[in-house]
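Coordinate inspection notes
One letter stands for each residue in the lines below.
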Amino acid sequence: MDMFEKIREHEQVVFCNDEETGLKAIIAIHNTTLGPALGGCRMRPYKSVEEALEDVLRLSKGMTYKCAASDVDFGGGKAVIIGDPQKDKNPELFRAFGQFVESLNGRFYTGTDMGTTPEDFIYALKETNCIVGVDEEYGGSGDSSVPTAMGVIYGLQITNKTVWGTEDLGARSYAIQGLGKVGVKVAERLMDEGAELYIADINQHAIDDLVSRANEKGVAIKVVSGDEIYSVDADVFVPCAIGGIINDDTVEQLKVKAVVGSANNQLLDTRHGKRLHERGILYAPDYIVNAGGLIQVADELYEPNKERVLQKTRTIYNSLQRIYAQAEKEGITSEEAANRYCENLIQTRSRRNSFFSHMKRPKWSVRT
Ligand code: NAD
């Protein structure tokens, strides 16, 4: 494998090895034009180093786009730890990981992702300040599902306006997949607005909880099975559970006019975004809609402030509005328009950076 060819688009890739704790991790810094790299740390029993490298390169590039779109002063990065989160975790391993993060001297900030929890990073925090998303007792901002859910609501408002000419949330019906931390908050807000809801979750408790709250409010919601949620007669599909749910099987079943949700990587493949476009279904790119969590952890470094985070989350509305307009003008999918929108933002900023290169740039105004 020509490693430099493989990491061609990335600024730096660090292999972290600590025999004593068993730590095997890779940190990838994709692009720091907008600021130090920011991205979660995933722990998975990858089958090979190649698979882990593939994942971290792809995810860190995605973070560059997500940070650009959210207007946070960070670039894209990500880390992966090779190991089984059920068996291989121990405090020393996360301390060792923290030391590797610290060695990057503020070029990379990280926190939880799939397979890791805020508690794991309390140990990393002993070694470096470049950790975000820990609990409030440790100086972090805690659960990020509130701004994430708000981002989905803003996404629904601008999508409704684009498709039906009015933001009115209550005037539409929604098929919500997943009633976890984000989905339940979105569902409650839509219920309060008087919207018609179809819901599905693999967890019966999550369904029962929401149904009993709907009964208290005197609102009727329709519970459907995991398979039925794709084909119900709703206006908008709201995926808030898992990725890859827009695929060959489901894309033809959808009767909705739009897809707006928090789940990561909703499109199994780019061609499924094209198919949605051909079928006249407006897709709100997931990494734009679900940026509320990122906005919160990025903001945390300036000192936690929930109000400011919610205010910043409103930029999701404006970003989506621009993306939809660009997609319409150029006859491209909203996913392509989102990517171009982010690439333009990075290019513009990069020109500004070089314009001022004769000046001493201030140190990144983040916690040190
Ligand atoms: P969560 O784990 O709290 O909730 C997920 C819910 O989906 C659970 O109730 C689970 O039972 C349900 N579920 C799982 N598989 C399902 C299936 N096949 N069909 C129906 N329901 C299913 O997660 P969350 O924090 O609410 O996040 C939801 C999604 O949004 C995830 O994809 C997550 O990666 C993404 N996201 C979350 C945040 C955040 O701040 N929490 C930020 C960005 C993106």
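Residues numbered from 1 in each chain as written. Predicted model: local features only at pLDDT ≥ 70, side-chain atom pairs only at ≥ 80, totals over all residues. Heavy atoms only, no water.

**Side note on the UniProt feature "active site" (unreviewed entry) in the chain**
The UniProt record marks Lys78 with the feature "active site" (unreviewed entry), using the residue numbering of this structure. Along the chain, the position of Lys78 falls in strand β5 (residues 75-82). Those residues in contact with Lys78 that sit more than four places away from it in its chain are Ile26, Ile27, Ala28, Gly39, Gly40, Val56, Leu59, Ser60, Met63, Phe108 and Asp113. (UniProt positions renumbered as here; feature names shortened; annotations may be inferred. Helix = DSSP H or I, 4+ residues; strand = E, 2+ residues; numbered from the N terminus. Contact = heavy atoms within 4.5 Å.)

**Considerations on the sheet that holds strand β7 (residues 173-177)**
Read across the open sheet, the six strands follow the order β9-β8-β7-β10-β11-β12; overall the sheet is parallel. With partners counted over all chains shown, the strands left at the sheet margins are β9 (221-223) and β12 (282-283), one partner each. Relative to strand β10 (residues 236-239), β7 runs parallel, the two sharing four bridges. Within β10, the position partnered with Gln177 by the bridge is Pro239. Lying on the sheet, helix α7 (residues 204-217) is in contact with β8 (196-200) and β9; it crosses β9 at an angle near 160°. (Pairing = 2+ DSSP bridges. Axes fitted to C-alpha atoms, helices over the stretch in contact; angles between N-to-C directions.)

**Brief notes about the pairing of strand β1 (residues 12-18)**
Where β1 and strand β2 (residues 23-31) come together, seven bridges link them in antiparallel fashion. Bridging across to β2, Asn17 finds its partner in Lys24. Hairpin remark: β1 followed by β2, antiparallel, with four residues in the connecting loop; positive phi at Gly22, about 85°.

**What about the nonpolar core?**
Grouped together as the largest cluster of nonpolar side chains are 88 residues, with contacts concentrated most on Phe97, Leu156, Tyr174 and Leu190. Taken domain by domain, this core gets at least three of its residues from each of domain 1 (3-63 + 76-138) and domain 2 (145-345). Residues Ala200, Val224, Ala234 and Ile281 belong to the second largest nonpolar core, which totals 19 residues. (Core = buried A, V, L, I, M, F, W, Y, C linked by side-chain atoms within 4.5 Å. Buried < 20%, exposed > 50% of the residue type's maximum accessible area, 1.4 Å probe, protein only. Domains from an automatic or database assignment.)

**A closer look at the site of the ligand**
Taken together, 20 residues lie near the ligand, and Ser144, Thr148, Val182, Asp201 and Ser262 sit nearest. Measuring from an oxygen atom of the ligand, one finds a side-chain N or O atom of Thr148 at 2.7 Å. Within the side chain of Ser262, an N or O atom sits 2.8 Å from an oxygen atom of the ligand. Here the ligand loses 74% of its free accessible area of 830 Å² to cover by the protein chains. If you list the elements that add at least two residues to the shell around the ligand, you get α5 (145-164) and α6 (181-192). Here the residues of the shell around the ligand are counted per class, giving eight nonpolar, ten polar and two charged. (Near = heavy atom within 4 Å. Polar contact = N/O pair within 3.5 Å; in protein donor to acceptor, adjacent residues only side chain to side chain. Areas by Shrake-Rupley, 256 points an atom, 1.4 Å probe, with all protein chains shown as cover. Nonpolar A, V, L, I, M, F, W, Y, C, P; charged D, E, K, R; others polar.)

**Some thoughts on the domain arrangement of the chain**
The domains assigned to the chain are domain 1 (3-63 + 76-138) and domain 2 (145-345). Each of domain 1 and domain 2 was reduced to a C-alpha centroid, and the two centroids are 28 Å apart. Domain 1 puts nine residues into the contact, and the matching count from domain 2 is seven residues. Of the roughly 600 Å² buried at the junction of domain 1 and domain 2 (both faces included), carbon and sulfur atoms supply 66%. (Buried area = accessible area lost by both parts, 1.4 Å probe.)

**Structural notes on the side chain of Arg172**
Along the chain, Arg172 turns up in the loop between α5 and β7. Contacts of Arg172, omitting those with residues within four sequence positions, involve Asn160, Trp164, Ala195, Glu196 and Asp235.

**Structural notes on a nonpolar patch on the surface**
A contiguous nonpolar patch, built from Met1, Met3, Phe15 and Val49 and spanning about 380 Å² of accessible area, is present on the exposed surface. Summarising the element assignment, Phe15 is placed in strand β1. (Patch = residues over 30% accessible without salt bridge, like charges linked within 9 Å, V, L, I, M, F, W, Y side chains within 5 Å. Salt bridge = Lys/Arg side-chain N within 4 Å of Asp/Glu carboxyl O.)

**With respect to α6**
With twelve residues, α6 extends 17 Å from end C-alpha to end C-alpha; this agrees with the ideal 16 Å at 1.5 Å per step. Restricting attention to buried positions, one finds in α6 the residues Val182, Gly183, Val184, Val186, Ala187, Glu188, Leu190 and Met191. In this structure, the buried residues of α6 make contact with α5, β7, β8, α7, β9 and β10. Of the residues flanking the end of α6, it is Gly194, one or two places downstream, whose phi is positive at about 85°. (Expected span 1.5 Å × (residues − 1).)

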